[in-house]
Every structure is written in C-alpha cells, then in structure tokens.
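# Survey of secondary and tertiary structure
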Amino acid sequence: MAAPKKPHREESSVLARKHALKDRVSATQVLSAAEMRAQKGRRAGESSVILREGERIRRAGLGVSVKFALAISVAIAVFMLLFGIVIYNNVKGSLNDEIDAAGILAAKAVATPEFFIWNEFHGAFEGTTYARYQREIAAGERKIAADYLTEDETRRANEIRQYNRSLLENLIKGTDRLLDVLISNQDRTKIERLASGRSRLEFDGRQVGERNGVAIEYGTYTPPDGEPLRARSFVASIRDRFGGVEGKATVVLSEASIQENLARVRTQVLVLAIVFIALGVGVSFLMGGRITSPITALTQDVEVIARGNLDHHPRVITKDEIGVLARTVERMARSLKEAQEAEVEHQRQKHQLQVALEIQASLFPEKLPEVAGYETASHYLPGPEVGGDYYDVFLLPDGRPFVMVASASGKGIPAAMLTAMARSFTTAVAERESSASNILKVVNRLLSPDLRRGMYVTALACILEPQSGKLIVANAGHNPLILFSGREKKVQAIHSDGIALGFDKGPVFDRSLRDLEINLEAGDRIVLCTPGVFGITNHEGKELGEENFYRLVAREGAKDSAAFVNLMHHLLEKYTEGGMVESDITFVTLKRLA
C-alpha cells in the first residue's frame, strides 16, 4: 500500500492561512454579535426607560377627584344660594300679600258699620250728610211717615252698635298683629281710637299704594309703652247709605310676624343649604373617586410603561373617553416598542454597514504598482448598500502584474466577508501559482467548503507579461474582459469559459476553467469591470447596458489611463443624473504605451 502523499509546503501554507483567516472571521462575527447585543441592551435601557426605579412623577396641586368634588360643591352652593334667594323672596312676597290682605280686610271691616251707628256711638259725625238729612226733615223739607228711627229700629241699631263694638274689641284682643284701630271723620279732626286711649295715632309712614279702595302705608308705630315698631297702616273710607264719605277707618298691623317668619325662613334655608352642600361634597368626593379611579389606574400603567415595560397592557377596560385614552396609551406603547425595535435594527444595520465598509476598504490596494511601458488606473463608486465588489493589482513573485476584479453574491457584511476571504486566498495562492486559471482553481477548492448554498464569487483574473505584451486571462463566471484596440479604435469583448467560485468544490470548476491568451499592442487597453457598471439607470429608468458602456470605452479608450478613468466617471455620473445606482461600480484599466 502506497504511503499517503505529504501535503506540499505551499499548500500547507495556504491551508494555514485559510484556517487563520477563518478564525479571524469567526472572531469578528462573535465580536460583532457581542457588540450588537451590548449596544441593543444599552439602547433599550436608555431609550425606553423614562422613569428610573423608585422615581415617580409627583402631581402638583390638587388631584382630579378633589377638583371634581370642589366644582360640584361650588355648583351645589351656588344652586342652593339661588334657591334660597328664590324661596326667601317668595315667602317674603307671600307674607307681604298675607299681611296686606289681612289689613285690607280689617280696615274694610272697621269701615263697614252704618255711619249713624258710628255717629251715635262715637259722636264724631257732626256736620255730615246724615246730620243735614235730619235737619231737612225737621225743617219740613222732607216728609216721613214717622220718625226716622222707630223704637224697633232704635233697638236694632243699638244691637248692631253693640255687636260692632264687640267685634272691634275682639279684633284688637284676638291677634298680636293688630296694634291699633281708629275711627275719624273725613278730615281726621275727631278721632276715637279703640286700641288705646291716646289722642292721636303714633304712626309715621309713607303711602306705598292702594288696593281695593284701601290706602296702604309702610312706616313705624310707637306703642304707648314701648319702642317703635315696624308696622303698616290700612286706611278705608266710611261711607253713608247714600255713598258719601263720612269718615276714615284706620287699622295698624305689626310687621313683627313677617320679620320673625323671614328670620325663620332664612334659618331654614341656611340649614338646608348647609345640609345639601355637605351631602353634595360627600357624594361628589365619592363619585369623584369612582370616576377618577380609572385615571389613577391608567397613571400607574403609564408609569410602568415609562419604566421601560412596553409589553404592559393598561388595566382600564371602560368604553368612555378614559377607555379610549387607555387604548391609545397601549397603542402608543406598541408603537414605541416597534420604534425601539426599528431603532435597534437600524443600529444593527448601521453597525453591519460600518463593519462592511471597514472590510471593503481593506480590500482595495492603497496604491497601484507601476509597470514599465504600461499605465494602470482604477475607479470605485459604492452603491446605496455595501456590496461585494473588489479589485486588486499586485506583482507576482516573478515580477509579472496580476490584475483581478471580483463580485460576491448578496450585499452587506456577508458579501464583504466573502470577498475578503476570496481576496485573502487569492493573495496567498498567487505567491505559488504562475497561471491565472490555477490560482482560481486553488482558491475555489479553499473557498467552496465554507460557502452556504446560494453564495458564490465571480472573478476575472489576468496575468501580464510586460516584455511581450502577452496577457493570460481566466474568467470564473464574470462578465467578459473588454479589449480596446488602439490601432483600430474598436472594442472587443473577450469571452472565456468558467463558472463562479463556490458553485462546485473542484472537478466541474476545474474542467470549465481555462486560460486564454491575448497579445496587447501599443495603444491597446483592457478594462475589467463588475456587473454594476451595466446596471445603472437614467431618469427614465433605462439601464446603461453593455453595448452603451462598450461605446463609451471605444470613444474614450485612446486617452491616457488617468484621463480615461476620470472621463468615464464623469460620463457615468452624468448618465445617472436623476436615476439610480443600485450596485457598486468598479472597474480597472491597463493600457500599453507606444
């Protein structure tokens, strides 16, 4: 049995670099994930926590329930005040009407007896119509069948007189309102008072109106043995049987009962108001507590959410405005959580973008090597997302220039890491291999085992022999090499077979890939570019395409390399004015001088 073949020293070195690179990539992934988790935790802790543990927003001033209770209490107090005023005025009006009605009735009662009865009883009607009537009878100017008063009529008159006297005396004695009653002639020169024996009425007042033929006066009455009292006088006319006014009947009533009743009403209204206000305050505080309890619960829920618990659901389930507010708070919490997650995702993508940019920046050579008799230049324009494009130009150990462009599938960190791996393997392998196809074959064997399904890298590699101008080209699934003929001023696409790195682990890839040799003459130019160059669009959404790019190369290919790159950049930028650049734009050019 043959002994196993020892691995070549060069292959061992490449494998060692491969494992070292894998370890570095794994460490980068772990570090990136750890940094992202730490940033996510810090961001979640800083952005969502409004209130720290134990911290609480205190209200300033009175609570809602107290304000509600005070408002209801003030409303009840105002209502009771207005209600008391209305009741007081109604009672006062009723009492006034009552005393006025009693005074009018009393005055008319006093003025009702026949005038001759008052005349005989009081002797106060000398010179009245009755006296004139009697003188006319005595003079024979009037004739009567008998005396004016018969014996029966005289007896009847005495009975009436006695009855009225008793009635008036009882009227005085039977009520505390009645202060005085007096009878006078028309000009009030002769007076007979039934309530007191004084010669004149001690009443000082003013007339306020007249009702039912009775004059009403308000003022003060001074009793014989007391202080002045508020009183009212009611004056009614005493008329004879012929309708003439023979005298005046005056009744004085006290207002003390009115004042007492009004004081009693004020006290009752005040007590009633205090009771109702107390009940209102108690009920309003009770109702205020019940009404504001959902607000208190919602406030506690908001504090929980403010401390960072965005999954907390408010406990208020009412259907009124507070319930709407609770559902709005819940929706706000969900929106905040979504915004927080979006912010975390944004920061994660930003972190990925930063890492990818750092990786991608490390792929490009800081300076292109100088090759005698040739000009080299490159151009790179990043797209809106980090892509997997890269180019490299370096000298092989034997001094030959190696030119390569590559494009990895996908975008972001995965694409950048994939191109980084491809570049590292290429740089390592190129030190030991002399053929472009062999370099790509070894890189494919090293790269394929680590790629997931759907991941691949297209590459176009060239090795130049400067003395002869011979160019060895190997294409691993990339777009063709562009050759500009300086003599014919034409462009040719150099196609060569090959599939992308990572599609196959070895046999198929090795069989499909081969080297293609072309000769560069003076003035000839080669252009290696990535597919993003053809995919740019103008303001109408039309892609540039391969043919248009070839025309631009044919038109400007004769210029020196620096001017060619600058002009191509300007033309591409002008074409995309108002359009879109969806991928990286990368190309490298090499021109043979005359």
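Before reading further, recall that the structure is shown in the block above.
The paragraphs below set out a description of the structure included in this document.

## A few points about the overall build of the protein
The helix and strand inventory of the protein stands at 12 helices and 16 strands. Within the span of the protein, comprising 594 residues, buried residues form 41% of the whole. Residue pairs in contact within the protein that sit at least 24 positions apart in sequence constitute 66% of those at least 6 positions apart. Carbon and sulfur atoms make up 54% of the accessible area of the protein, which amounts to about 33,000 Å² in all.

## Concerning the pattern of salt bridges
This model, assessed by the stated rule, comprises 15 salt bridges. Of the charged contacts, one joins Asp 100 and Arg 232 as a salt bridge, the two residues approaching to 2.9 Å between their closest N and O atoms. Highlighted residues: Asp 100 in helix α2 (residues 64-111) and Arg 232 in strand β5 (residues 229-239), separated in sequence by 132 residues. Accessibility assignment for this pair places Asp 100 and Arg 232 in one class, buried. Across the pair Lys 470 and Glu 517 runs a salt bridge, and its minimum N-O distance is 3.4 Å.

## Focus: the pairing of strand β6 (residues 245-254)
In terms of residue burial, β6 counts as a mostly covered element, since eight of its 10 residues are buried. Here β5 pairs with β6 via nine bridges, running antiparallel. Note that in β6 the partner of Ala 236 across the bridge is Ala 249.

## Points about the packing of helix α11 (residues 545-556) against helix α12 (residues 561-575)
Where α11 meets α12, the closest approach of the two axes is 11 Å, and the angle between their N-to-C directions is 140°. In this view, α11 runs oblique relative to α12, as classed from their interaxial angle. Classified by chirality, the crossing of α12 by α11 is right-handed. Residues Phe 549, Leu 552, Val 553, Arg 555 and Glu 556 of α11 pack against Phe 564, Leu 567, Met 568, Leu 571 and Leu 572 of α12.

## Focus: helix α6 (residues 256-306)
Taking 1.5 Å of rise per residue, 51 residues should cover 75 Å, and α6 covers 70 Å from first to last C-alpha, within 8% of that figure. Most pronounced at Thr 292, the bend in α6 amounts to some 40°, and the proline Pro 294 follows within four residues. Phi turns positive one or two residues past the end of α6, at Gly 308, with a value near 110°.

## Regarding the packing of aromatic side chains
Two measures describe an aromatic ring pair: the distance that separates the ring centres and the angle between the ring planes. Inspection of the entire model under this criterion finds six aromatic pairs. Between Tyr 456 and Phe 503 the ring centres are 4.9 Å apart and the planes differ by 45°, which places this aromatic pair in the tilted class. Of the two residues, Tyr 456 is situated in the loop between α9 (436-447) and β10 (457-465) and Phe 503 in the loop between β13 (490-494) and α10 (507-512); the sequence distance between them amounts to 47 residues. With a relative accessible area of 53%, Phe 503 lands in the exposed category. Centroid distance Phe 534 to Phe 549: 5.7 Å. Interplanar angle 75°. Geometry classified as edge-to-face. In this pair, Phe 534 is assigned in the loop between β15 (525-529) and α11 and Phe 549 in helix α11, connecting sequence segments 15 residues apart. The burial state of Phe 534 is the same as that of Phe 549; both residues are buried. Of note, Arg 525 hangs over the ring of Phe 564, and the distance from its end group to the ring centre comes to 4.5 Å.

## Let's talk about a nonpolar patch on the surface
Taken together, the side chains of Val 74, Val 78, Leu 81, Leu 82 and Ile 85 present a nonpolar region at the surface, about 460 Å² in accessible area. Structurally, Val 74 is set in helix α2.

## Thoughts on the sheet that holds β13
Spatially, five strands are ordered β7-β16-β15-β12-β13 in an open sheet, and the strand pairing comes out antiparallel. Here the strands that pair on one side only, and so sit at the sheet edges, are β7 (374-381) and β13. Strand-to-strand twist in this sheet, taken as the mean axis angle between neighbours without regard to direction, amounts to 20°. One ladder, built from five bridges, connects strand β12 (residues 481-485) with β13; its direction is antiparallel. Its bridge partner being in β13, Phe 484 is matched across the sheet by Val 491. On the sheet, α11 packs against β12, β13 and β15 and is oriented at approximately 35° with respect to β12.

## Description of the sheet that holds strand β8 (residues 389-395)
Within the open sheet, the five strands sit side by side as β8-β9-β10-β11-β14. Their pairing is antiparallel. Strand pairing shows two members of the sheet lacking a second neighbour, β8 and β14 (516-519), which therefore form its edges. Adjacent strand axes in the sheet meet at a mean angle of 15° when their direction is disregarded. Examined bridge by bridge, β8 and strand β9 (residues 401-408) share seven bridges and lie antiparallel to one another.

Calculation criteria
- Residues numbered from 1 in each chain as written.
- Predicted model: local features only at pLDDT ≥ 70, side-chain atom pairs only at ≥ 80, totals over all residues.
- Heavy atoms only, no water.
- Helix = DSSP H or I, 4+ residues; strand = E, 2+ residues; numbered from the N terminus.
- Buried < 20%, exposed > 50% of the residue type's maximum accessible area, 1.4 Å probe, protein only.
- Contact = heavy atoms within 4.5 Å.
- Areas by Shrake-Rupley, 256 points an atom, 1.4 Å probe, with all protein chains shown as cover.
- Salt bridge = Lys/Arg side-chain N within 4 Å of Asp/Glu carboxyl O.
- Pairing = 2+ DSSP bridges.
- Axes fitted to C-alpha atoms, helices over the stretch in contact; angles between N-to-C directions.
- Parallel < 35°, antiparallel > 145°, perpendicular 65-115°, else oblique.
- Left-handed = near helix turned anticlockwise from the far one by under 90°.
- Expected span 1.5 Å × (residues − 1).
- Bend = angle between axes of the 7 residues up to and from the residue.
- Phe/Tyr/Trp six-rings, centres within 6.5 Å; stacked < 30°, edge-to-face > 60°.
- Lys NZ or Arg CZ within 6 Å of the ring centre and 35° of its normal.
- Patch = residues over 30% accessible without salt bridge, like charges linked within 9 Å, V, L, I, M, F, W, Y side chains within 5 Å.

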